[in-house]
Every structure is written in structure tokens, then in C-alpha cells.
Amino acid sequence: FHLPAYMRFTLRHYKEYASGIIDYTIHALGRGGEEFTLLNGAQRAAVRLFLKFMAFNAGRDVAWDDAKRALDEIWSIRPAPPPPAEPRTDASVGDA
């Protein structure tokens, strides 16, 4: 899995020249995929920071819109669903 190397290359060279590798890295993160389920929490956080940087700081010469979409749709931190409600008992129904 070479994602860290591609992300690092992108961060180092996005200003210098347009490269298919740069856009491919962003596009790959935007499609999601089963292989990304192998990432731990710290790795997922690194991907989110990378996409955030590319979306808001890298400029219009990169696929910033794809980075923003990937960040919003695939890599965002979603709040945990609320816990299920306690089942009501007959006694609690009568007290209401």
C-alpha cells in the first residue's frame, strides 16, 4: 500500500508541476474502497488532513474540488448515532 508515498509526493510537488500522480492520489481517495478500511484512526486522520490541505490551500491547479468532495462525503468524521432508547415498562407507562 503506497498511499503515504503518494500523499507525501503530492504535498512536496503540487506547486511545481501538474502531474497525473497528484490528481490520481486525490481521485483515489475520493472513490473510497475496501482497502481504506484497513487504515487505523491515526492514518484516517492523516488522510483527512491531507485532503483538507489540498481542498483549501493547494490552489486551483490541483483537483481541489475532488479533495473537498472526498473530505465531505467519504472521509468526514460522522457523529456516533445516539444510543437506543430504553424500552418502556408497564410501570413507567402508568407514571407518565
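These numbers come from a predicted model, not from an experiment.

Thresholds, definitions, all that
- Residues numbered from 1 in each chain as written.
- Predicted model: local features only at pLDDT ≥ 70, side-chain atom pairs only at ≥ 80, totals over all residues.
- Heavy atoms only, no water.
- Helix = DSSP H or I, 4+ residues; strand = E, 2+ residues; numbered from the N terminus.
- Buried < 20%, exposed > 50% of the residue type's maximum accessible area, 1.4 Å probe, protein only.
- Lys, Arg positive; Asp, Glu negative; His and termini not counted.
- Salt bridge = Lys/Arg side-chain N within 4 Å of Asp/Glu carboxyl O.
- Axes fitted to C-alpha atoms, helices over the stretch in contact; angles between N-to-C directions.
- Parallel < 35°, antiparallel > 145°, perpendicular 65-115°, else oblique.
- Left-handed = near helix turned anticlockwise from the far one by under 90°.
- Contact = heavy atoms within 4.5 Å.

Chemist: Please clarify how the side chain of arginine 48 should be interpreted in this entry.
Modeler: Residue position: arginine 48 is located in helix α3 (residues 41–56). We note that arginine 48 is buried and unpaired, the nearest opposite charge coming from aspartate 72 at a distance of 11 Å.

Chemist: Help me understand the packing of helix α1 (residues 3–13) against α3 in this model?
Modeler: The packing of two helices is summarised by the inter-axis angle and the distance between the axes. Axis separation between α1 and α3 bottoms out at 11 Å; the angle between their running directions is 25°. Considered as vectors, α1 and α3 are oriented roughly parallel to each other. Where α1 crosses over α3, the two elements pack in a sense that is left-handed. Residues Leu3, Met7, Thr10 and Leu11 of α1 lie in contact with α3, whose contacting residues are Ala46, Val47, Phe50, Phe53 and Met54.

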